[in-house]
Amino acid sequence: MPRAPKPQKRADYRTARQQDNGAIELPKKKFYRQRAHANPFSDHQLEYPASPAEMDWSPYFPAYVADSEDLPDASAHAEENGQLLTAPKRLKQDVEIIDIGCGFGGLLVAMGPAVPKSLMLGLEIRTQVTEYVQERIRALRAQEAESGKYQNIGCFRANTMKFLPNFFRKAQLSKIFICFPDPHFKAKKHKARIVSTTLNSEYAFVLRPGGIIYTITDVEDLHNWMVHHLDAHPAFERVTEEEQEADECVSIMKTATEEGKKVERNKGQKFVALFRRLPDPSW
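Everything quoted here is computed from the prediction, not taken from an experiment.

Quick notes on the rules
- Residues numbered from 1 in each chain as written.
- Predicted model: local features only at pLDDT ≥ 70, side-chain atom pairs only at ≥ 80, totals over all residues.
- Heavy atoms only, no water.
- Helix = DSSP H or I, 4+ residues; strand = E, 2+ residues; numbered from the N terminus.
- Buried < 20%, exposed > 50% of the residue type's maximum accessible area, 1.4 Å probe, protein only.
- Salt bridge = Lys/Arg side-chain N within 4 Å of Asp/Glu carboxyl O.
- Core = buried A, V, L, I, M, F, W, Y, C linked by side-chain atoms within 4.5 Å.
- Contact = heavy atoms within 4.5 Å.
- Polar contact = N/O pair within 3.5 Å; in protein donor to acceptor, adjacent residues only side chain to side chain.
- UniProt positions renumbered as here; feature names shortened; annotations may be inferred.
- Phe/Tyr/Trp six-rings, centres within 6.5 Å; stacked < 30°, edge-to-face > 60°.
- Lys NZ or Arg CZ within 6 Å of the ring centre and 35° of its normal.
- Axes fitted to C-alpha atoms, helices over the stretch in contact; angles between N-to-C directions.
- Parallel < 35°, antiparallel > 145°, perpendicular 65-115°, else oblique.
- Left-handed = near helix turned anticlockwise from the far one by under 90°.
- Nonpolar A, V, L, I, M, F, W, Y, C, P; charged D, E, K, R; others polar.
- Pairing = 2+ DSSP bridges.

### Concerning unusual backbone geometry
- The phi angle at Ala171 is positive, at roughly 60°, despite the residue not being glycine.
- Relative to the elements of secondary structure, Ala171 occurs in the loop between α4 (160–167) and β6 (173–179).
- The phi dihedral of His184 is positive, around 45°, even though this residue is not glycine.
- Topologically, His184 is positioned in the loop between β6 and α5 (197–206).
- Of the residues examined, His184 reaches a relative accessible area of 14% and is grouped as buried.

### Looking at the pattern of salt bridges
- For the coordinates displayed, the defined rule picks out 11 salt bridges.
- The residue Lys262 makes a salt bridge to Glu259 at a minimum N-O spacing of 3.4 Å. Remark: Glu259 and Lys262 occur in helix α9 (residues 258–265); sequence separation between them is 3 residues, near one turn of the helix.
- Lys262 gets classed as partly exposed once you look at its relative accessible area, which sits at 35%.
- Across the pair Arg277 and Asp280 runs a salt bridge, and its minimum N-O distance is 3.0 Å.
- Under the relative-accessibility criterion, Arg277 is labelled buried at 5%.
- Residues joined by salt bridges that share partners form a network here, namely Lys170, Arg277 and Asp280.

### Focus: the nonpolar core
- Residues Ile98, Phe168, Ile176 and Tyr203 are the most contacted members of the largest nonpolar core, which totals 40 residues.
- The set of elements that each furnish at least two residues to this core consists of β3 (95–100), β4 (119–124), α4, β6, α5, β7 (207–217), α6 (220–232) and β9 (271–277).
- Non-local contacts of Tyr203, meaning those with residues more than four positions away in its chain, are made with Ile100, Leu164, Ile176, Ile178, Ile194, Ile213 and Phe236.
- Counting residues in each nonpolar core, the second largest holds 32 residues, with Leu107, Phe177, Cys179 and Ala256 among its members.

### Describing α4
- The element α4 is extensively covered by neighbouring structure, given that 6 of its 8 residues are classed as buried.
- Looking at the buried side of α4, the elements it contacts are β3, β4, β5 (153–157) and α5.
- The N-cap of α4, judged by a side-chain oxygen 3.1 Å from the amide nitrogen of Met161 a few residues on, is Asn159.

### Some points on the UniProt feature "active site" (unreviewed entry) in the chain
- In this structure's numbering, the residues bearing the UniProt feature "active site" (unreviewed entry) are Asp182.
- Reaching out from Asp182, the side chain makes a polar contact with the backbone nitrogen of His184 at a distance of 3.1 Å.

### Topic: the packing of aromatic side chains
- Tallied over the full model, the rule gives 8 aromatic pairs.
- Residues Trp57 and Phe156 carry aromatic rings whose centres are separated by 5.8 Å and whose planes lie at 45° to one another, so their mutual orientation is tilted. Pair noted here: Trp57 is in the loop between α1 (6–19) and β1 (77–80) and Phe156 is in strand β5, with a separation of 99 residues, a long-range link. With respect to burial, Trp57 and Phe156 carry one shared label: buried.
- Through a chain of ring-to-ring contacts, the aromatic side chains of Trp57, Tyr60, Phe156, Phe167 and Phe168 assemble into a single cluster.
- Geometry around Trp225 places Arg193 over its ring, the cationic atom sitting 4.8 Å from the centre.

### Quick notes on the packing of helix α2 (residues 106–114) against helix α8 (residues 248–256)
- Contact geometry for α2 and α8: axes closest at 9 Å, N-to-C directions at 150°. By the angle between their directions, the pair α2 and α8 is classed as roughly antiparallel. Judged by the sense of rotation from one axis to the other, the crossing of α2 with α8 is right-handed. Residues Gly106, Leu107, Ala110, Met111 and Ala114 of α2 lie in contact with α8, whose contacting residues are Glu248, Cys249, Ile252, Met253 and Ala256.
- Here the residues of the contact of α2 with α8 sort into 8 nonpolar, 1 polar and 1 charged.

### A look at the sheet that holds β5
- If you walk across this open sheet you meet the 7 strands as β5-β4-β3-β6-β7-β9-β8, and the pairing is mixed. Unpaired on one side and paired on the other, β5 and β8 (236–238) mark the two borders of the sheet. Across the sheet, the mean angle from the axis of one strand to that of its neighbour is 20°, orientation sign disregarded.
- In this structure, β7 lies alongside β9, joined through 6 bridges in antiparallel fashion. When the bridges of β9 are listed, Ile212 appears paired with Arg276.
- Here helix α3 (residues 127–143) sits on the sheet in contact with β4 and β5, set at roughly 160° to β5.
- With respect to the sheet, α6 is in contact with β7, β8 and β9, its orientation differing from that of β9 by roughly 15°.

Written as C-alpha cells, this is what we have:
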C-alpha cells in the first residue's frame, strides 16, 4: 500500500488533534512546518478588530473571562441596523506582554510561569506555526489542569507591522519582545525590518512609560540597526548593561526560543539590547 504524501499526513494529524479537544500530548512540530519567514506586505487575509474595544480575547484566555457583574458598565449589547449585537467578552485584566513573531512559542511557554500575574500574547504571521503554538498551549493547560499553569499565555495570527494599534490601547503594554527577527539582509528589504522609525512610534504608543522593549538577534548588523533606530527615537532610552544582566527576562529570552537554542548549538553570538519607554513630556 503506497504511503500517504506528507501534506496529507499533516492535514490528517491536525484534523485528528482538532477533533480531540482534550488532547494532552504535545503536538509534533514536524506536522506544522512552514517557511521560516513570511512577507509582511502581502495580503494574508487576516482578521482584526476595528479598535481594541472590539477585540474578543475570550478564546485565548478563557480562564480570565470576567463575569458580567464584574464589568464596569452593565450594557453588554449594542444596536446596529435595528439588530441587537452582543459586545465582545472582556477579561478580568488586560494583556500586558507581547512576543512579536513568537515562532513555535518557546518564549511564551518559558515566560508564562515566570510572570504568573500577567497575560502574555504571542503574535505570529504564519498560519501553521500559529496553529502549532495554540495546540501546544492547549496541551500544556490540559497537562497542568490542577495547577492552572499556562492559562496566562495565548497566541493568535496577526501582522504586527500593519495592525498593532487595532489590538492594544495606548500605554497598555509593559513588555514587548522582539526575538531573532528576520534580518532582511538586502538593502531593498530593510523596509520590512520589524524595528524602524515608523514602527517604533507604534511601539511607543502601546507601551506604557517605564515599559521595556527586549531585542535579541545573532546578526550583528541587525542588532546595530535596531539599536540605532531605537536610540534615535525620543520616546526610548537604552537600559544599562548592569540592569540588563539583572533582568530575569533576559536570561529566559536568551535560551527559551528555538532560534536561541540553535545559536547555542552552533556556538554563535547573541546580541541583546533593552530600551525603556520614557514618560511623555509635559506640554
